[in-house]
2 protein chains.
Amino acid sequence: MEKTSFLYFSIIFFIVFFIFSSSFYPLSKPEFVGSSSRCTKLISSISETNQVHKPTPDHDHKNSTPCHPLDPLTIQEINKIRDILSLYAPFASSFPAIHSLSLDEPDKNQVLAWKKGDPLPPRKAFVVAVSNNKSHTLTVDLDSGQVTEDTVHTGSGYPTLSLDDILAAVQVTLADADFNESVINRGVALSDLQCITPSAGWYGQDEENGRVIKVQCFSNEGTPNFYMRPIEGLTVTVDLDRRKVVKISSTGRGIPVPKGTNTDYRYHAAPEKKPLNPISIEQPKGPSFSVEDGHIVKWANWEFHIKADQRAGLVISRAMVRDSETSELRSVMYKGFSSELFVPYMDLDESWYFKTYMDAGEFGLGVTALPLMPLNDCPRHSYYMDGVFVAADGEPFVQPNMICLFERYAGDISWRHSELPLTGFQIREVRPKVTLVARMAASVGNYDYIFDWEFQTDGLIRIKVGLSGMLMVKGTPHENMNQVPDQDEMTGTLVSKNVIGVVHDHFITFHLDMDIDDRANNSFVEVNLVKEENLTGKSPRKSYLKTKRRVAKTEKDAQIKFKLYDPSEFHVINPSRRSHLGNPAGYKVVPGGTAASLLDHDDPPQRRSAFTNNQIWVTPYNRTEQWAGGLFTYQSRGDDTLAVWSERNRPIENTDIVLWYTLGFHHIPCQEDFPVMPTVSSSFDLKPVNFFESNPILGAAPTFEKDLPTCKLTDS
Amino acid sequence: MEKTSFLYFSIIFFIVFFIFSSSFYPLSKPEFVGSSSRCTKLISSISETNQVHKPTPDHDHKNSTPCHPLDPLTIQEINKIRDILSLYAPFASSFPAIHSLSLDEPDKNQVLAWKKGDPLPPRKAFVVAVSNNKSHTLTVDLDSGQVTEDTVHTGSGYPTLSLDDILAAVQVTLADADFNESVINRGVALSDLQCITPSAGWYGQDEENGRVIKVQCFSNEGTPNFYMRPIEGLTVTVDLDRRKVVKISSTGRGIPVPKGTNTDYRYHAAPEKKPLNPISIEQPKGPSFSVEDGHIVKWANWEFHIKADQRAGLVISRAMVRDSETSELRSVMYKGFSSELFVPYMDLDESWYFKTYMDAGEFGLGVTALPLMPLNDCPRHSYYMDGVFVAADGEPFVQPNMICLFERYAGDISWRHSELPLTGFQIREVRPKVTLVARMAASVGNYDYIFDWEFQTDGLIRIKVGLSGMLMVKGTPHENMNQVPDQDEMTGTLVSKNVIGVVHDHFITFHLDMDIDDRANNSFVEVNLVKEENLTGKSPRKSYLKTKRRVAKTEKDAQIKFKLYDPSEFHVINPSRRSHLGNPAGYKVVPGGTAASLLDHDDPPQRRSAFTNNQIWVTPYNRTEQWAGGLFTYQSRGDDTLAVWSERNRPIENTDIVLWYTLGFHHIPCQEDFPVMPTVSSSFDLKPVNFFESNPILGAAPTFEKDLPTCKLTDS
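Residues numbered from 1 in each chain as written. Chains lettered and ligands numbered in written order. Predicted model: local features only at pLDDT ≥ 70, side-chain atom pairs only at ≥ 80, totals over all residues. Heavy atoms only, no water.

Under an unreviewed UniProt entry, chain A has the name Amine oxidase and belongs to Xanthoceras sorbifolium. UniProt lists a comment for chain A under the heading Sequence similarities (unreviewed entry), and it reads "Belongs to the copper/topaquinone oxidase family." (UniProt positions renumbered as here; feature names shortened; annotations may be inferred.)

What follows is the structure, given as structure tokens:
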């Protein structure tokens, strides 16, 4: 979900504006240095870092240089790009608003061919900039110092909102006399106002003439948890390009602003529970992973590239696992990230119908991923990484401690077997499970999304999304269910006096560019489990299940809806890479609990988020098809989604393919979600299937007492 | 899956027999002491126990006394029952074979009325014994020293196998000349034989004249992992009552016994991987839970009774959670346990069709739950509990360290919220998640089932089942897929040379006697999410989701199949217990990934396991309806299953109800499952829904550095 929110007083407003335009962390502007000579020395000494338990990123961002073709733009590079754009003739009169500025990744073949020590492929930036109300997509070549491509976007949709957009929307709202009168009439002091900016969605011709956004406000009187104190029914529509209020909708005047009692969730504000005894994951020798050159993670049999992205958040690239027999590093996934996040609310009211957020494309999952809180967001021995992002004015800023990496031991079992003593074998063989987690938490306004990429030594990757933060709530005149005349007409649950938690969904669509052993020669196979009736009369059994393999020839063959009573496994295989036994190497996607979008396919939000029409899609690799809702998601009309691409029905057999998986949640709120929600999570797995010759962790060691640390209380 | 397996040499055989008949741990026979005077002193000092990191149960079983109405029978009680049965006239000529002997739990009302310090309700035992080929169910009253009920079972099915049955089946097989000749003809030395005893299932009239069992054998030459070396097609049918071989089926003579190369999974036998740095969950002050009187667990806001059961394994009773506002202990669940485990294999061959195990009722999940391995099965600071079970001769034996309890911190987040700095609030509030896990691992022959009951401070209970151990494999002449003439006809995956991992399912059905606040006044509500078309023209949205609540009136209303495109939440509520807001207190069952049984409903194994025809059932409480496949599961015909009970369509509204949930897995094996399977797990949750007035862990404390221990390597 949604929106960023805001302070009333114009003085504070301008302070905030200044902070943002100059970045979270003020930075001086060093000269650009093209050399990557420092790269090989940048192996992070995790053990040392963690012995002192300080989440100090080891990067000197001002002087950092790219070391890998996929490394994000550095501060020096961003500054140089800003200079290049400043000198670019079409922008001579005024610097454009930067809505996106990130590495234009080299061609996949270049990346795959690159080896450590090779010179980097040419560094380029992909920029989305708005100038004179036109959206440009530009390619900037850092070596030549030139803008090499510049296309004006003509289709539907607008770029991701900038913070300037959000600030402007609130500013013009707060400056509107009618709005202020309406607020005062509802008994809310202007000094207590806190406003958020829900995206407007797209609902037909009324909204096709420019960028619009909604502004809704809350009272923060007596609580920082203003989300629980909505001024219900007061919705302002702002034209973002003209920077003016175009509509004020004021309904629901009989609905009081909820009181906000017991909504403060800050430590010491809430009555404290008796704490549990201290507990922590301890690693006296430090973690077993290393981070080389700032982005290459090496752990157990895994190696991958990790980076922060302003839109996607956390991006895993070049994930490779070591073969358990040959020790060869084998490709599993070229790139994996959360491509879009669709959150439709289920209320048709004037103040609610448009709440159908596409958080990645409209707001950005990386830019809202605030610093992780050590010991609480991530365990003690975590390693933290920063993001380096770009503000609307083209200035770089650092998003500190945005990603953490840690080894997890949760008391789980990797594999086990005990023999009953009567076999004569006295066997109790058990291996504990230790995994590596890469985590990010995006606070997209009220909601917090925790993204985990968990790597297992058995080759499995678990991708988990946790939801916490605040409900998006609706004011109601009712304080008790017995006052509700028709409970069937409620669009949510009464979660506190005068507060309804409105029913909504969350769909997170992942782009998973699987490259099993090779970028080419990959195929998608549905292994269907089919009930067969036994008609032979040769067995007393009447039925059994049989697997039927179906290789997807074209995209439509791979538009998959899960069926409990017609189940399948879904494999990405490399038919050219066979095991000793002749089985093709593969990975399967293993769904966990999920939910499907049920909205009408012609409903505008569902058209825009048609990528949620299936749980799985497979497309041929196309470097422009990264964002499931389209590059220009804001107010898009659904003409550039994954669903549209897939409808072209391109061949996907024995080629370079991308798997798309949507993880879904239906959320019917309950009182326990008030005033802050206990985390709800769900996950799916990418699991090797005949990829290894046999169990790759057969030789894993058990834990022995002698290996474990001696611990004592720190204050004793 | 299933079966228990065996040694050839008769000398060793008799040694084993002796060990079993006299119990795993030889015990002297102390006098029975009826007093419970020691109970109040039996508070386990977990912290101390764990400071020395020894999994030493603190129970002196010989002298233990029951302290709670639900406490399992003690050794003294079991011995007394044996004496009573010995003196029981109908058994005067010979002591019967004991197939089950456990506490006959007092009436629920008696248990609910009991308070600590009250005298215990009369102690009784429920016994299933076979005498003269007749199955008796007996009630033994410990106070009067009398058998108070004795019913001869006349329906279909037989009691759970005893170890004597298994030993006898193998013994008569190994003594059979034709069998031995067949083994030798296949080139297997009799001294290398290892035999298992799959249950026979029930397939019509041929098998209705007595108890039969199958025996299949393997070679353990060169490996303890004999499961990977099947003597394919050689299946012996043994009449268990007459103790004789009734059929030898010998097919597949052209199929070699697989070689067993690289199948030894014992540490040091497999080439060792470079170990990861040591990692452990540390608790310098010890865990935060206590175990009172051996069975009452108190942790954070939870209190429950836990015990080991020979058939169900781990039983949780009287689970209560403290109200976050009133601190009142409130009932959530009266009793929860794994009631049955159905594992059908998907191969019609003479040697395979019958493999449709019902592991709880046929073999027992508790009796196969061997001692947990400290530091590997459970983390360092775990507390271990024993089971006290009964052998076929009525003698008690101790199943040591069968259950572990531990606090888990996995680096996860209980709840969190960060505010974007532009709101003016500098908020980063995060609470780490710490949970309490009760674990058991049943090794039912080749397969290992890890059962976790995880309690969260937010009121959620997660029930998780992990599968590990060995595949049940089938011999094949083929060493490579390119030798297979028709791959579509394979019933599984070639996982090693000459080894097929046969496709199969696992269904674990849980009995969940939910008592939300009260045993009475509970109802089951399906909260259906329905797509509504917007026909009003008042909103630009075309559709939205609406919740429709449907209270189940009778059992058939609560026969639930999950539907991704017609989704619902499933609540057990107490309409008499309303929150301040007027919402009924409830818990919902939240499915995770699952699978449905697809077999024909008329197929004999599916008739017997018809409890898997739905994912959820709700029945009115009936103390005799504990076992989803019927009390007499072995060779049952499906006439006493949950499905049969439910078909009576009894009222279930506003009464004492039991929720049944089936967790399912389809398992298409892959090479990674050879020779031992990495754990695959799935879970479901019981989650409070308007049970608490608000988030019960709002006041939870974050973790601070000062609370965490100082650790160093033990050898440094």
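Further notes follow.
Helix and strand counts for chain A stand at nine helices and 34 strands. For a compact globule of 716 residues, the expected C-alpha radius of gyration is about 27 Å, and chain A comes in at 27 Å, within 12% of that figure. Along the first, second and third principal axes, the C-alpha set of chain A runs to 85 × 70 × 70 Å. For chain A, the residues scored as buried account for 68% of the 716 residues in total. When the accessible surface of chain A is totalled, it reaches about 23400 Å², and 49% of it is carbon and sulfur. (Helix = DSSP H or I, 4+ residues; strand = E, 2+ residues; numbered from the N terminus. Rg over C-alpha atoms; globule rule 2.2 N^0.38 Å. Buried < 20%, exposed > 50% of the residue type's maximum accessible area, 1.4 Å probe, protein only. Areas by Shrake-Rupley, 256 points an atom, 1.4 Å probe, with all protein chains shown as cover.)

Further remarks concern the UniProt feature "domain: Copper amine oxidase catalytic" (unreviewed entry) in chain A. Listed under "domain: Copper amine oxidase catalytic" (unreviewed entry) in the UniProt record, and renumbered for this structure, are residues 280–697 of chain A. Annotation note: span residues 280–697 of chain A, helix share 4%, strand share 49%, distance between end C-alpha atoms 26 Å.

Attention now goes to the pairing of strand E7 (residues 193–196) of chain A. Residue and element names in this part refer to chain A. Both faces of E7 are covered, namely the face carrying Leu193 and Cys195 and the face carrying Gln194 and Ile196. In this sheet, strand E8 (residues 212–219) lies alongside E7 in antiparallel orientation, the contact comprising four bridges. Residue pairing in the sheet places Gln194 in a bridge with Phe218 of E8. (Pairing = 2+ DSSP bridges.)

Let us now look at the sheet that holds strand E33 (residues 677–689) of chain B. Residue and element names in this part refer to chain B. If you trace the 10 strands from one edge of the open sheet to the other, you get E18-E19-E20-E21-E22-E33-E30-E29-E27-E28, paired in antiparallel fashion. The open sheet terminates on both sides in strands that have one partner only, identified here as strand E18 (383–390) and strand E28 (543–551). Going from strand to strand, the sheet's axes swing by 25° on average, the running direction of each strand aside. Bridge count between E18 and strand E19 (residues 396–418): seven bridges; the pairing is antiparallel. Paired with Phe389 across the bridge in E19 is Phe397. (Axes fitted to C-alpha atoms, helices over the stretch in contact; angles between N-to-C directions.)

This structure, assessed with the given rule, holds 100 salt bridges over all chains. A salt bridge links Asp603 of chain A to Arg541 of chain B, with the nearest nitrogen and oxygen atoms 3.7 Å apart. Separated into two different chains, Asp603 of chain A in the loop between strand E30 (584–591) and helix H8 (604–608) and Arg541 of chain B in the loop between strand E27 (523–533) and E28 make up a pair that spans both. In this structure Arg541 of chain B comes out as buried when scored by relative accessible area, which is 1%. We note a salt bridge from Arg648 of chain B to Glu625 of chain B, for which the minimum N-O separation is 3.6 Å. In this pair, Arg648 of chain B sits in the loop between helix H9 (642–647) and strand E32 (657–667) while Glu625 of chain B sits in the loop between strand E31 (616–620) and H9, placing the two residues 23 residues apart along the sequence. The exposed category is assigned to Arg648 of chain B, whose relative accessible area is 53%. Connected via shared salt-bridge partners are Arg408, Arg439, Asp452, Glu454 and Lys464 of chain A together with Asp412 of chain B. (Salt bridge = Lys/Arg side-chain N within 4 Å of Asp/Glu carboxyl O.)

Listed by partner, the interface residues are 191 residues for chain A and 192 residues for chain B. If you sort the residues of chain A by the area they bury against chain B, Ile279, Leu422 and Arg541 of chain A come out on top, with a joint share of 5%. The interface formed by chain A and chain B includes 16 salt bridges. Residues Asp412 of chain B and Arg408 of chain A are paired through a salt bridge, measuring 3.1 Å at the closest nitrogen-oxygen approach. One can count 105 residue pairs in polar contact (both at pLDDT 80 or more) joining chain A with chain B. When residues of the side of chain A that touches chain B are assigned to their parent elements, the largest contribution, 13 residues, is made by strand E19 (residues 396–418) of chain A. When its residues are assigned to classes, the side of chain A that touches chain B shows 92 nonpolar, 55 polar and 44 charged. With five bridges connecting them, strand E34 (residues 709–713) of chain A and strand E34 (residues 709–713) of chain B associate as antiparallel partners. (Contact = heavy atoms within 4.5 Å. Buried area = accessible area lost by both parts, 1.4 Å probe. Polar contact = N/O pair within 3.5 Å; in protein donor to acceptor, adjacent residues only side chain to side chain. Nonpolar A, V, L, I, M, F, W, Y, C, P; charged D, E, K, R; others polar.)

Here we come to the relation of the copies chain A and chain B. Rotating chain A by 180° and translating it 0.0 Å along the rotation axis places it on chain B, where the RMSD comes to 0.0 Å. Within this description, the copies of the chain are treated as partners about a two-fold rotation axis. The residues that chain A uses at the interface reappear at the interface of chain B in 100% of cases, marking a shared surface. (Least-squares fit on C-alpha atoms with pLDDT ≥ 70 in both.)

Residues and elements named next belong to chain A. Put simply, Phe674 and Pro675 share a cis peptide bond, and its omega is 0°. In this structure, Pro675 sits in the loop between strand E32 (657–667) and strand E33 (677–689). If you check the backbone angles, Arg243 has positive phi at about 55° while not being a glycine. Here Arg243 shows up in the loop between strand E9 (230–239) and strand E10 (244–250). By relative accessible area, Arg243 is classed as partly exposed at 36%. Positive phi values are uncommon outside glycine, yet Asn649 reaches one of about 60°. Here Asn649 is to be found in the loop between helix H9 (642–647) and E32.

Another point: helix H3 (residues 75–87) of chain B. Here H3 of chain B spans 19 Å end to end across 13 residues, near enough to the 18 Å set by a 1.5 Å rise per residue. Among the residues of H3 of chain B, Ile75, Gln76, Glu77, Ile78, Asn79, Ile81, Arg82, Ile84 and Leu85 of chain B are the ones counted as buried. (Expected span 1.5 Å × (residues − 1).)

All names here are of chain A. If you walk across this open sheet you meet the three strands as E23-E25-E24, and the pairing is antiparallel. Edge positions in the sheet fall to strand E23 (473–475) and strand E24 (492–496), since each of these pairs with one other strand and no more. The sheet shows a mean angle of 40° between the axes of neighbouring strands, direction not considered. In this structure, E24 lies alongside strand E25 (residues 499–502), joined through four bridges in antiparallel fashion. Opposite Gly492, over in E25, you have Val502 as the bridge partner.

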